[in-house]
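For reference, the chains in residue letters:
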Amino acid sequence: MRDTQPELSVVVPMYDEEEVLPIFFERMHPLLDGLGSTYELLVVDDGSRDRTAALLLDAAKDWPQLRVVRLLRNSGHQAAQSAGFRRARGRYVVTIDADLQDPPEVIAEFLATVREQDVDVVYGVRSDRSSDSWPKRTTARLYYRLMCRLVGKQIPFDAADFRLVTRRVVDAVNALPDDGRVFRLVIPWLGFPSTEVRYVRAERAAGTTKYNLSKMVRLAFDSVTAFSAAPLRLATWLGLLGGAMSGLFVVGALVIKLTGRSIPGWTSTVLAVSVIGAIQLFCLGLLGEYVARLFQSSQRRPQFLVGYDSLEDHGHQDPVTNR
Ligand code: UDP
Ligand code: MG
């Protein structure tokens, strides 16, 4: 399989997934073998600190289609997908999470759909979110509403990173600059013909979520700043509003002064200072987000570095330590 181009690449970003791996292999192996297409299972180990890499390499010994790519350090879910897109060789590329929340059986449906219809993207869309916790559902709903407004109507609701794309899309994505890429927005934004397959999302098969709060907030900020300058304008509007309000304050204060009913204005002072202070800090923060984005893209640093790829392994390197 080394030299032949597989029909399908299944890209799986993994970060500290040792608990889920045995179940993952057990479910994936017969399923992919049974698809009737040549494939590579391209696992991108996103700098895991647990036994994920060791388990993967062990499994790859008697599973030639399992290809292990290791990033040098934890670079995040989106960067790991970028790495997968760069390295994948398949004519079709499916991305799927490691935790089996997205049932891999749907991959067969993706393939059938893309072969039947003349499309380049097949989104997996969750028809039911009851397996997610209430805060997750609420924040997710907010996120998708906001993103639909920012990117335009064409982003499919509740489609995360479970999808199939054709080689055309992979090449288009790889041609984009790499910084802060959010796949679930970039792919709809490219505008290739697409369709949806609905599925029911399950619970995480084992282990705990690898998306902590700061990673979720990061994703939300990257999503907004990558697609919209509207927040910057929000700052302008808030500034105008603040200006108008302080104008009213000045007039009010003068009237009070002139009518001789001047009172020690502690409350209003504190109120004004804190409200305006909050608005200013918020706007500064917004500016900071965009400046940071510009800064990062001007640095032109790679989002990830690949330390090991089992496809290029000639036996000189210890893949677990990268030495
Ligand atoms: N993941 C990753 N790098 C990270 C965090 C997560 O590659 O820094 C992977 C993780 O192993 C999983 C996928 O991204 O395959 C989605 O993560 P998870 O299921 O924990 O997120 P949730 O479903 O809770 O949003
Ligand atoms: Mg998950």
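Conventions adopted
- Residues numbered from 1 in each chain as written.
- Chains lettered and ligands numbered in written order.
- Predicted model: local features only at pLDDT ≥ 70, side-chain atom pairs only at ≥ 80, totals over all residues.
- Heavy atoms only, no water.
- UniProt positions renumbered as here; feature names shortened; annotations may be inferred.
- Helix = DSSP H or I, 4+ residues; strand = E, 2+ residues; numbered from the N terminus.
- Buried < 20%, exposed > 50% of the residue type's maximum accessible area, 1.4 Å probe, protein only.
- Polar contact = N/O pair within 3.5 Å; in protein donor to acceptor, adjacent residues only side chain to side chain.
- Contact = heavy atoms within 4.5 Å.
- Donors = N, O, S within 2.8 Å, 3.2 Å for Na, K, Ca; no water.
- Salt bridge = Lys/Arg side-chain N within 4 Å of Asp/Glu carboxyl O.
- Near = heavy atom within 4 Å.
- Areas by Shrake-Rupley, 256 points an atom, 1.4 Å probe, with all protein chains shown as cover.
- Pairing = 2+ DSSP bridges.
- Axes fitted to C-alpha atoms, helices over the stretch in contact; angles between N-to-C directions.
- Left-handed = near helix turned anticlockwise from the far one by under 90°.
- Nonpolar A, V, L, I, M, F, W, Y, C, P; charged D, E, K, R; others polar.

Going by what an unreviewed UniProt entry lists, the chain is known as Dolichol-phosphate mannosyltransferase and is assigned to Kribbella solani. In its Sequence similarities (unreviewed entry) section, UniProt records this for the chain: "Belongs to the glycosyltransferase 2 family." Checking UniProt for the chain, the heading Subcellular location (unreviewed entry) contains the comment "Membrane".

(A) Representation of the side chain of R184 in the model. Along the chain, the position of R184 falls in helix α7 (residues 183-190). Take R184: its relative accessible area is 13%, and that puts it in the buried class. A polar atom in the side chain of R184 sits 2.9 Å from the side chain of D161. Non-local contacts of R184, meaning those with residues more than four positions away in its chain, are made with Q78, Y143, Y144, A159, A160, D161, R163 and L219.

(B) Spatial organisation of the coordination of the magnesium ion (ligand 2). Looking at the magnesium ion (ligand 2), the protein donor atoms are D99 (OD) and Q101 (OE1), and they sit 1.9 to 2.1 Å from it. Q101 shares its class with D99; the two are buried.

(C) Just the pattern of salt bridges, in detail. In this structure the tally under the stated criterion is 24 salt bridges. Between E18 and R51 there is a salt bridge whose closest N-O contact spans 3.8 Å. Separated by 33 residues along the polypeptide, E18 in the loop between β1 (8-14) and α1 (21-33) and R51 in the loop between β2 (39-45) and α2 (52-60) bring together distant segments of the chain. One salt bridge in this structure joins R204 and D99, with 3.5 Å as the shortest N-O distance. Taken together, the positions of R204 in the loop between β7 (194-200) and α8 (213-227) and D99 in the loop between β4 (92-95) and α4 (106-116) put the pair 105 residues apart, joining distant regions of the chain.

(D) The arrangement of the site of ligand 1 in detail. Around ligand 1 sit 19 residues, and of these E17, D46, D99, T209 and K210 come closest. Taking N74, its side chain carries an N or O atom lying 3.2 Å from an oxygen atom of ligand 1. Contacts to ligand 1 include T209, whose side-chain N or O atom sits 2.6 Å from an oxygen atom. Protein burial of ligand 1: of its 530 Å² of free accessible surface, 95% is covered by the chains.

(E) Spatial organisation of the sheet that holds strand β8 (residues 306-309). Across the sheet, which stays open at both edges, the 8 strands sit in the order β7-β5-β6-β4-β1-β2-β3-β8 with mixed pairing between neighbours. Both outer strands of the open sheet, β7 and β8, are each paired with one neighbouring strand and no more. Adjacent strand axes in the sheet meet at a mean angle of 20°, parallel and antiparallel pairs treated alike. Relative to strand β3 (residues 66-71), α2 is tilted by about 155°, and along the sheet it contacts β1, β2, β3 and β8. Strand contacts of helix α6 (residues 167-174): β4, β5 (121-128) and β6 (163-166), with the helix running at about 85° to β6, the strand carrying the most contacts.

(F) Looking closely at the packing of helix α5 (residues 134-151) against α7. Between α5 and α7, the shortest axis-to-axis distance is 11 Å and the interhelical angle comes to 35°. Classified by chirality, the crossing of α7 by α5 is right-handed. Along the contact surface, α5 presents Y143, Y144, M147 and V151, while α7 presents R184, L185 and W189. Looking at the contact of α5 with α7 residue by residue, the classes come out as 6 nonpolar, no polar and 1 charged.

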